[in-house]
Amino acid sequence: MPENASAAGDGPAPGHATEVTAAGIARLAGVGRAAVSNWRRRHAAFPKPVGGTETSPTFALADVEHWLRAQGKLAEVPPRERVWQQLVGHPAGAATALRQAGAVLLFVRDRPAAWRQLQHAANDIELAGMLPPALESVLTAHLGRRHPVTGLTREALLPSAALLRAAAELAAEEDGAAEEDGTAGENGAAAAYEFLLGRHLDANPRQYTLTPPGPAGLMAALAGEARTVLDPACGTGSLLDAAEGARELYGQEADPDLAALTALRLALRAPGAQVRVHAADTLRSDAFPQLAADAALVHPPFNERNWGHDELAYDPRWEYGFPARTESELAWVQHALARLREDGTAVLLMPPAAASRRSGRRIRADLLRRGALRAVIALPAGAAPPHGIPLHLWVLRKPGAASPPSPHLLVVDTAGLAAGAPGRDKPDWQAVRDTALAAWRAFDRDGGVEERPGVRRSLAAIDLLDDDVDLAPARHLPPPSAAGGLAELGRVRDQLATTLARTAELTPEPAAGPESGPAGARPAAPARWPLTTVGELARAGALVLRAGGPGTAAPGAEPAVLTEHDVVGGTAPSGTLPEGPAAGPAEEPVLVAAGDVVVPVLGGGAVARVVDEATAGAALGRNLFLLRPDPAALDAWFLAGFLRGTANNRQASSYASTATRLDVRRLQLPRLPLAEQRRYGRRFRELAAFEETLRLASRLGEQLVQGLHDGLTDGSVTPG
């Protein structure tokens, strides 16, 4: 900001006008990005771009707000959105602006009277001159003299005066909203900073590797109550934030900007704790060499080759062996153990390969011999990045002089607790947490645990000390399919026999065709009905047509998603909605109701599913269309049956690309009276029941065959 800065409360100077992208405009107005594109095309008075690129232009926020108000599309900019747009448009970058705003929010929370005096008595130039010593005093009190929140000089703060005032106002707004809602707990400054930091992280997903709340909370619970907690690869501070009740929080992060943001986050969210966060490479330059923490929670970087192998060959931390260059994760394991007190607990999120790579077998063996490694817990795929593989949790305890080494290792596999189809669908974290904690607490208390096939088991450490020292839980847990033995297989066989009998009963008999002659006569010609299309029916109001896909989860309301795979396979909804935005309302998904007809549009198959009561309320997934018929005009089963016709799908499909795509609006239906529709509908419902019974028989048959294979190969079933 220039030297003749405006008085307090004025907007930024012309050289620092806040800019906003098309996505930001959409958030301001509460519309989609497509609406913003339409406004730009249709309204000549829409503000012209002032920056950005041709494909991603930016606009002056003040001009955009003026235009939206003039068009009646904006009554008032939400405080959160206003502060965010100022932050993201800061000339020094969002990370710098967030650092400055976080420091001021900490000052506002700790010394509200001093802040009020400053903002009312000073213009922007005076405010920027008076803030640095005041901020430094607060930061030193919370974060120590070597804190990472640097660069808060008069020159750096001057362009941010409007942002800093707005951030303080947002904190007051958050306090007021919490009091009105009766949810006063987290202070307004912490809530404001958490929103801004969350939005910044969401906007830069490739720059940061986050530990989701589910794994973070589980790791903290496995570590137990601890006064002093260390995270030597703290990232955004999620693990330290999950350590409720800790009085001393120690973190280290190689990225200086991220270290500063994390330090501020922890200071705001844990006002009663001593926070020490340093910016440095942990393995090469340990900031806490004398620390003896009660617990260490670590999500280390995976597959890191440049971790200091050549420089650290004689480091005293390698008590269990010098890690190979390809075993950076085992270097982090030993660092965590080295910074614990005796009998302190470390929990690390590890890649599954670390449990079985041959290059790490000697270190794994020594961890077992000395009783340091106590448990390996396999998580479902999708628990944390990278989402495609089932990560492991290693629970370690630093051996004490007075305590003998544990002769057993606990292995737990929660991979079967994923919700729905494998992949990136959210696991059932409550079930994962309960299973892992119950197994660990019983093992920690008794030294062993009752075996549950396919889920948990305690193993003698000496039995694992072979040539591989493979600690992967899946290798040591018998599959649950064979665990039921003959009784379970007998139950499956009986259910299969009942289902096959039911299939025989439901096998449909082809009804006589129109004007069919005696046996052996020529086949009757197809009926010639007057036809209409789905598009015409939608325009006439006989049905409602909706496309699936968009939608995000609102807090406390996360319906399951009916996916394309579910529709084709006839299974229950298995998908999950993505998390909603950090601010603003969630995007409402399309929810299905009983009697709706759902049609996939990709793949070229003839499929249509009538939604039943059990599926009602699910969100409609991508590549699906919902047809909601008016019961007074259309029978749902009649509609679904005719939509499945092969010739009907063929004439309504396009083949211009490598994938066949169905144009639902072009699908055809015969014009029949409602009574005749219902007659056809009853027949189509019978076919659907037969098809579902066939699917069940197929699943039971596969289960029986695989169970017998497993039983014969593990000895629980004899050849007879």
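Novice: Can you walk me through the pairing of strand 4 (residues 228-231) in this structure?
Specialist: Strand residues, when the strand is regular, have side chains that alternate between the two faces of the sheet. Because side chains alternate across strand 4, one face comprises the buried residues Thr228 and Leu230, and the other comprises Val229 and Asp231, equally buried. Summarising the sheet, strand 4 and strand 7 (residues 293-298) pair through 2 bridges and their orientation is parallel. Paired with Leu230 across the strands is Ala296, a residue of strand 7.

Novice: So what exactly am I meant to see when it comes to the nonpolar core here?
Specialist: Soluble globular proteins tend to bury their nonpolar side chains together. Core analysis: the largest hydrophobic core is formed by 96 residues, its most contacted members being Leu131, Leu218, Leu222, Leu297, Leu379 and Leu393. In terms of residue count, helix 5 (residues 94-110) provides more of this core than any other element does, 10 residues in total. Setting aside anything within four residues of it in sequence, one finds Leu379 in contact with Leu218, Leu349, Pro390, Leu391, Leu393, Thr414, Ala415, Trp429 and Val432. Leu283, Val298, Leu348 and Ala372 belong to the second-largest nonpolar core, a separate cluster that totals 37 residues.

Novice: How should the packing of helix 5 against helix 7 (residues 124-143) be read in this particular structure?
Specialist: Working note: a packed helix pair is described by the angle between its axes plus the distance between those axes. It is the contact of helix 5 with helix 7, at a shortest axis distance of 9 Å, that shows an interaxial angle of 80°. What the angle tells us is that helix 5 and helix 7 run roughly perpendicular. Together, Ala103, Val104, Leu106, Phe107, Arg109 and Asp110 of helix 5 and Leu131, Ala134, Leu135, Val138, Leu139 and His142 of helix 7 make up the contact between the two elements. Among the residues making up the contact of helix 5 with helix 7, the classes are represented as 9 nonpolar, 1 polar and 2 charged.

Novice: Which parts of the structure should I look at to understand the side chain of Gln252?
Specialist: Assignment of secondary structure puts Gln252 in strand 5 (residues 248-253). At 3.3 Å, the side chain of Gln252 and the backbone oxygen of Ala280 are in polar contact. Dropping the residues within four chain positions of it, Gln252 is found in contact with Asp231, Pro232, Ala233, Cys234, His278, Ala280, Asp281, Thr282, Ser285, Asp286, Ala287 and Phe288.

Novice: Got a minute to help me understand the sheet that holds strand 16 (residues 597-600) in this structure?
Specialist: Adjacent strands of a sheet pair through backbone hydrogen bonds, lying either parallel or antiparallel. Spatial ordering of the open sheet is given by 14-19-16-17, a layout of 4 strands whose pairing is antiparallel. Strand pairing shows two members of the sheet lacking a second neighbour, strand 14 (543-547) and strand 17 (609-610), which therefore form its edges. Pairing geometry for strand 16 and strand 19 (residues 624-629), over 4 bridges, is antiparallel. Each residue of the ladder has a partner; that of Val597, found in strand 19, is Leu627.

Novice: Quick question: what am I supposed to make of the sheet that holds strand 1 (residues 19-21) here?
Specialist: Strand order in this open sheet of 3 strands is 1-3-2, and the pairing throughout is antiparallel. The open sheet has two free edges, formed respectively by strand 1 and strand 2 (51-52), since each of these has just one partner strand. Against the sheet, helix 3 (residues 61-70) engages strand 1 and strand 3 (57-60), with an angle of about 75° to strand 3.

Conventions adopted
Residues numbered from 1 in each chain as written. Predicted model: local features only at pLDDT ≥ 70, side-chain atom pairs only at ≥ 80, totals over all residues. Heavy atoms only, no water. Buried < 20%, exposed > 50% of the residue type's maximum accessible area, 1.4 Å probe, protein only. Helix = DSSP H or I, 4+ residues; strand = E, 2+ residues; numbered from the N terminus. Pairing = 2+ DSSP bridges. Core = buried A, V, L, I, M, F, W, Y, C linked by side-chain atoms within 4.5 Å. Contact = heavy atoms within 4.5 Å. Axes fitted to C-alpha atoms, helices over the stretch in contact; angles between N-to-C directions. Parallel < 35°, antiparallel > 145°, perpendicular 65-115°, else oblique. Nonpolar A, V, L, I, M, F, W, Y, C, P; charged D, E, K, R; others polar. Polar contact = N/O pair within 3.5 Å; in protein donor to acceptor, adjacent residues only side chain to side chain.

Without other data, these values stay purely geometric and don't point to any function.
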